[in-house]
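# Structural characterization, general
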Amino acid sequence: MRDMVKRIVLVVFVLLVLTAVSGYFYMQKHPLDEKTSVNKTMNITGSKVSK
């Protein structure tokens, strides 16, 4: 029983590390500088609101 809990904790930890690393590399490739909340905001017609 204790070994199974250790294995589950280890798997969850490894998945969290992989998620963090992949997210880090994704943000290196796609930085958020160009996209501000104003650019992402849509008006009622669905077109993007210009600055």
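See above for the structure.
Here's a quick rundown of the structure. (Residues numbered from 1 in each chain as written. Predicted model: local features only at pLDDT ≥ 70, side-chain atom pairs only at ≥ 80, totals over all residues. Heavy atoms only, no water.)

Helices and strands together make up the secondary structure of the protein chain, namely two helices and zero strands. The buried share of the protein chain, reckoned over its 51 residues, is 0%. If you sum the accessible surface of the protein chain, you get close to 5,100 Å²; carbon and sulfur atoms cover 68% of it. (Helix = DSSP H or I, 4+ residues; strand = E, 2+ residues; numbered from the N terminus. Buried < 20%, exposed > 50% of the residue type's maximum accessible area, 1.4 Å probe, protein only. Areas by Shrake-Rupley, 256 points an atom, 1.4 Å probe, with all protein chains shown as cover.)

On the surface, a nonpolar cluster with roughly 970 Å² of combined accessible area is contributed by Leu-10, Val-11, Phe-13, Val-14, Leu-15, Val-17, Leu-18, Val-21, Tyr-24 and Phe-25. Looking at where Val-14 falls in the secondary structure, it is placed in helix α1 (residues 2-29). (Patch = residues over 30% accessible without salt bridge, like charges linked within 9 Å, V, L, I, M, F, W, Y side chains within 5 Å. Salt bridge = Lys/Arg side-chain N within 4 Å of Asp/Glu carboxyl O.)

Another aspect to go through is the packing of aromatic side chains. Overall, the coordinates contain one aromatic pair when judged by the stated rule. Both rings, one in Tyr-24 and one in Phe-25, keep their centres 5.5 Å apart while their planes meet at 70 degrees; by these two values the pair is edge-to-face. The exposure class assigned to Tyr-24 is partly exposed, which follows from its relative accessible area of 48%. The class of Phe-25 is exposed, set by a relative accessible area of 53%. (Phe/Tyr/Trp six-rings, centres within 6.5 Å; stacked < 30°, edge-to-face > 60°.)

End to end, α1 covers 41 Å across 28 residues, agreeing with the expected 40 Å (1.5 Å per residue, within 8%). α1 sits mainly on the outside: zero of its 28 residues count as buried. (Expected span 1.5 Å × (residues − 1).)

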